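Below, each chain spelled out in residue letters.
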Amino acid sequence: MDPVLLSRIQFALTAGYHWIFVPASIGMAFMVFLIWTMAAITNEDQWYKAAKFFSKWLGVFFVLGVPTGIVMEFEFGANWARYSTFVGSIFGPPLMLEGLFAFALESTFIGVLLFGMDRLPKVISWISSFFVFIGSSLSGLWILIANSWQQTPSAYIIKNTVLGPRAELTNFMKAVFNPLLVSQYTHTINSAILTGSYIVAAVGAYYLLKKRHVQVARSAVAIGIVVLAISSVIQLYPTGHAEGRVIAKYQPTKLAADEGLFKTETGAPMIVFGIVDEKNQEVKAAIGIPKLLSWLSFGDWNAKVLGLHDAAKYVWYQQVLNNPNYANEKVKKEVVDGIMKAYGINPNDPNANEKMVQVLEKAVPVAFMFYAYRVMVGLGTLFILIGLVGLLLLLIGRLYDARWFLKVLVVTLPLPWLAGLSGWFTHEVGRMPWMVWGMVTVKTGVSANISAASVLTTLIGFVIVYLILFYIWLHFVKKLVREGPEPVEGDVTSAPAPAVSAAGGGQ
Amino acid sequence: MMDYATAWFYFSAFLLGMYLAFDGFDLGLGSLLFFIKDERDRDILVNTIAPVWDGNEVWFITWGAGIFAMWPALYATLFSTFYLAVWLLAFLFIFRAVSFEFRNKYKKLWDYLFATVSALIPLIIGVIVGNLIQGIPIDAKGFHGSLLTLFRPFPLIVGLFVLFAVMWHGANWAVYKTTGKIQEQMRKHAFNFWILTVVFLLLVVVGMKIWAPSRFDRALTPLGLTLTLIILIAALLDGYLIKKGDEKLSFYISWLAFPLVVYLVYYSMYPNWVISTTDPKFKLSIQTLAASPLTLQAVLGISVILAVIIMSYTLYVYKMFGGKVTEAEGYY
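All chains use their own residue numbering, which begins from 1 and follows the written sequence. Here the convention is simple: chains get letters from A, ligands get numbers from 1, in the order in which they are written. A pLDDT threshold of at least 70 governs which residues receive local features in this predicted model, and a stricter bar of 80 or more applies before side-chain atom pairs are shown or counted, although totals over entire chains, interfaces and linings include all residues.

Peer 1: Please clarify how the overall build of chain A should be interpreted in this entry.
Peer 2: Under the scheme used here, helices are H or I runs from DSSP no shorter than 4 residues and strands are E runs no shorter than 2 residues, and both carry numbers assigned from the N terminus. Per the secondary structure count, chain A includes 17 helices and 8 strands. When we talk radius of gyration, it's over C-alpha atoms, and the globule rule is simply 2.2 Å times the number of residues to the 0.38. In summary, chain A has a C-alpha radius of gyration of 25 Å against a globular reference of 23 Å for 507 residues, a match within 12%. Here contacts are defined at the residue level, using C-beta atoms placed from the backbone and a cut-off of 7 Å between them. Long-range contacts, defined as pairs at least 24 residues apart, comprise 75% of the intrachain contacts of chain A with a sequence gap of at least 6.

See the structure below:
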């Protein structure tokens, strides 16, 4: 096996695992702040107990979000050294600013929240939950500044230095506000809030079904459903729609793969479902809405949408060979030739460019993209449905008794993660083979001096360690569910024995 | 006028200094759990650091990301060259978080794990810094060593020095935050590890003379000597204060010792991040390896301001959790 593939698998594994905890942390931070606010406004005991209870949930997600994030930072240097050298001047600063702007804030105040809520005044807990939310969403902001810059790089110039060619900043703020940032950030943060609201609603629903902690549970389900209904709609429009339009403009190969579009079409349909046949380059049994894709992507029912081959051609000729951001022709030739050689193509071959187009075309796994994209969109639609039904039940006063609906909430709890991971997979696999669009591929970005054996060793290490961690983590989630919130007057707390209070701990 | 790369170099020293001063005491306290037989005592000790250890680790991430941002080629070369060691360190950080937060079940097992990783992290960080001081077998063709190169005698001495220093610091913290029997026990550890720290400080100095003469010579300049003198006086004073029982001041002084030592180390390395042990002419200076000028300029001011803000709210939070810890309740 080669270190490139193994490093990719390792990155996908560690990033995907990180993404189990991150959206829940950010989303729970928002929900916890909201619940502490409700407690302050109403001054009712069940809101206060709910705030303390869900603060602990936030803590449980936060614990693993932090160290699995450190792993990602290490990975850039260890597995992707040439990438880090090439774009570190631009990619590194957001990571450092994340630490200073955001990470310090959230880590410090989560300590205050969790350890202070039994000892310090309520107002301190409320303020701390606010800082944790601000910190975690700023954290996400800096990370997505770094990520979106790789997808739609802006405000840079590629120069030759003593350390080889590298991208250098020409304008910090323009690099930060690259074309993709705003839509990607709002789409991602909103997905985290959706996940948080789902957790709160589902945990509340679970206790309602068990007839335990009923007052806290009602508050949780109500606030969870309201936030879910709003965030699920925002996820589709405007954030999802806006991000799609940026992708259509800047990453045509990703769009073509998302939609299973092999041939360029004007007035392209939006395929709702079909079966991708990569060999014959078509989508079989496709059910689609005529012209919708053209309209969604470009705001014009008859717009031309590039098929995969034409898109790859556009990327290579327009975005790579015609990229104006090189200091001179010499450094451009060095970078472009480096990419060709990494894919076994002789730059002097008269057909070199056509061969590169084929490389780009083959780098994106269309079937995988097509299905993953549909999982994301399909689940997004389901969330809107669940959110709106829940809201309706709440408004007519039937929510807490609609056991079938509460069961749906509990059973479907894993789905927000599935949707989020599908979204990230389309986002990241869809840019293949580029690490930085048009500049660095996975083959030119991987560390030159690591062996497949080393990467395989750490990969196996990650699989084992992460599985053990997940098992331990689940144990603590179960314990949290079993203990439940502190009792509110008049509530049945747990079936067999009275619940252990939060501070009592050990079982 | 100081150039931007130099300014970043000393800001990086500040970040590492803050990391060792802040996370140092919780790492040291973690390592000391090896010596605490009584479970309730261990609970109390762990509770003294529970609200703050997470925030303390941020300084390490910021230090690392600062090197990534400002010297990307250095970051990339070091991390890919010492691939397996880097991942060992990452796993240690993961296990530290988990063993800390989830320690309520199988307490003894988790506590030993926590103590082990808490001791290994400062040791490895010391070894990394030791390698930067001594230099590595590298030339224009690349790196000519193995993973074992990392663990040569001098880096190991530096690693042990950092380990003993954080244990001294951690014990000082524990004395400051506890009362009674456990406090007395910790006071003894503070003094013992203070002795080991001073002995290893001298060993590091002698080792520099032998293995890293060019770095040693730079520390002999007036500024270097003044710093060395201040560090020695502070170190000796702290031993006296521990014996005298001034728990507050002895902790503050061990806290301050870390940024001072880190500053001295950085000063002795200036202006070369990397020197070669095989080719005396081969050097990678902080300017050669630096990020593009605009990157260096664009975020320096805001980083310094943010560091000051972080210091302020961190101090506020420490004050909020001030006073002695006597309860043994766990959290999760």
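Peer 1: Before we go on, may I ask you to explain the overall build of chain B in this structure?
Peer 2: Counting secondary structure elements, chain B contains 13 helices and 4 strands. What you see for chain B is a C-alpha radius of gyration of 20 Å, in line with the 20 Å of a compact globule of 332 residues. With respect to the three principal axes, the spread of C-alpha positions in chain B is 60 × 40 × 40 Å. Every one of the 332 residues in chain B was classed for burial, and the buried ones make up 55%. Here the contacts in chain B between residues at least 6 apart in sequence split such that 77% fall between residues at least 24 apart. As a rule, residues whose C-beta atom has 12 or fewer other C-beta atoms within 10 Å are exposed, those with 20 or more are buried, and those in between are partly exposed; C-beta atoms are placed from the backbone.

Peer 1: I keep staring at the pairing of strand E1 (residues 156–161) of chain A and nothing clicks. Help me out?
Peer 2: The side chains of a regular strand alternate between the sheet's two faces. All names here are of chain A. Here E1 pairs with strand E2 (residues 164–169) via 6 bridges, running antiparallel. Along E2, the bridge assignment pairs Ile158 with Ala167. Where E1 folds back onto E2 in an antiparallel hairpin, the turn is made up of 2 residues. We call two strands paired when DSSP finds no fewer than two bridges between them.

Peer 1: Sorry, what's going on with helix H6 (residues 181–210) of chain A here?
Peer 2: Think of an α-helix as turning once every 3.6 residues; residues three or four places apart then point the same way. Take the number of residues in a helix, subtract one, and multiply by 1.5 Å to get its expected span. A rise of 1.5 Å per residue sets the reference length of H6 of chain A, with its 30 residues, at 44 Å; its end C-alpha atoms lie 43 Å apart and thus fit the reference within 8%. Backbone geometry just downstream of H6 of chain A places Lys211 of chain A in the positive-phi region, at approximately 60 degrees.

Peer 1: Can you walk me through helix H10 (residues 222–244) of chain B in this structure?
Peer 2: All names here are of chain B. End to end, H10 covers 33 Å across 23 residues, agreeing with the expected 33 Å (1.5 Å per residue, within 8%). Listing the buried residues of H10 in full gives Ala235, Asp238, Leu241 and Ile242. Where H10 is buried, its residues meet helix H8 (180–211) and helix H11 (247–269). Looking one or two places after H10, you find Gly245, whose phi comes out positive at around 90 degrees.

Peer 1: What exactly am I supposed to notice about the domain arrangement of chain A here?
Peer 2: Often the size quoted for an interface is simply the accessible area lost on bringing the parts together. Residues and elements named next belong to chain A. Where each domain starts and ends follows an automatic or database-derived domain assignment. Domain parsing of chain A yields domain 1 (3–162 + 173–251 + 365–429 + 431–487) and domain 2 (259–362). The C-alpha-based centres of domain 1 and domain 2 are spaced at 30 Å. Taken together, the 19 residues of domain 1 in the interface contact 24 residues of domain 2. Every element with two or more residues in the side of domain 1 that touches domain 2 is listed here: E1, helix H7 (214–250), helix H13 (366–395) and helix H16 (442–445). The biggest single contributor to the side of domain 1 that touches domain 2 is E1, with 5 residues.

Peer 1: Before we go on, may I ask you to explain the nonpolar core in this structure?
Peer 2: Considering soluble globular proteins, one finds that nonpolar side chains tend to be buried as a cluster. Connectivity within a nonpolar core runs through C-beta atoms within 7 Å, and the core itself is a set of buried Ala, Val, Leu, Ile, Met, Phe, Trp, Tyr and Cys residues. Met28, Val32, Ile35, Phe54 and Ala201 of chain A together with Trp71 of chain B are the most contacted members of the largest nonpolar core, which totals 278 residues. Ranked by the residues each element gives to this core, the list is headed by helix H3 (residues 81–116) of chain A, at 20 residues. If we ignore the near neighbours within four places in the chain, the residues touching Ile35 of chain A are Trp47, Ala50, Ala51, Phe54 and Ile223 of chain A.

Peer 1: Even after reading the chapter, I still don't get the interface of chain A and chain B, so can you show me in this structure?
Peer 2: Counting residues at the interface gives 53 residues for chain A and 53 residues for chain B. Put simply, the parts of the chain that give the side of chain A that touches chain B at least two residues each are helix H2 (45–79), H3, E2 and helix H17 (452–483) of chain A.

Peer 1: So what exactly am I meant to see when it comes to the confidence of the model for chain B here?
Peer 2: Detailed conclusions should not be drawn from predicted coordinates in areas where pLDDT is low. Confidence scores labelled pLDDT are given residue by residue by the predictor and lie between 0 and 100. Averaged over all residues, the pLDDT of chain B equals 90, while 98% of them reach at least 70. Two summary scores accompany this predicted model of the complex, namely pTM at 0.92 and ipTM at 0.89.

Peer 1: What exactly am I supposed to notice about the packing of helix H7 (residues 153–177) of chain B against H11 of chain B here?
Peer 2: For any two helices packed against each other, one specifies the inter-axial angle together with the distance between the axes. All names here are of chain B. Structural elements are reduced to axes, namely lines fitted to C-alpha atoms, with helices fitted over the stretch in contact, and the angle between N-to-C directions of any two is expressed from 0 to 180 degrees. Axis separation between H7 and H11 bottoms out at 9 Å; the angle between their running directions is 150 degrees. In terms of orientation, H7 and H11 fall into the roughly antiparallel class. Judged by the sense of rotation from one axis to the other, the crossing of H7 with H11 is left-handed. In this structure, H7 contributes Trp168, His169, Asn172, Trp173, Val175 and Tyr176 to the contact, and H11 contributes Glu247, Lys248, Ser250, Phe251, Ser254 and Trp255. Put simply, angles under 35 degrees are roughly parallel, angles over 145 are roughly antiparallel, angles from 65 to 115 are roughly perpendicular, and the rest are oblique. Should the near helix be turned counterclockwise from the far one by less than a right angle, the crossing is left-handed, whereas a clockwise turn marks it as right-handed.

Peer 1: What's the story with the packing of H2 of chain A against H3 of chain A in this structure? I'm lost.
Peer 2: Residues and elements named next belong to chain A. The geometry of H2 relative to H3 is characterised by a closest axis approach of 11 Å and an angle of 160 degrees between their N-to-C directions. Classified by the angle their axes make, H2 and H3 are roughly antiparallel. In this structure, H2 meets H3 at a crossing whose hand is left-handed. Residues Ser55, Gly59, Phe62, Glu73, Phe76 and Gly77 of H2 form the contact with H3, whose participating residues are Ala81, Ser84, Leu95, Ile110, Leu113 and Leu114.

Peer 1: What is the right way to read the environment of Trp87 of chain B from this model?
Peer 2: With respect to the secondary-structure elements, Trp87 of chain B resides in helix H5 (residues 83–101). Owing to 24 C-beta atoms within 10 Å, Trp87 of chain B belongs among the buried residues under this scheme. Among all residues touching Trp87 of chain B, those that are not within four sequence positions of it are Ala78, Thr458 and Gly461 of chain A.

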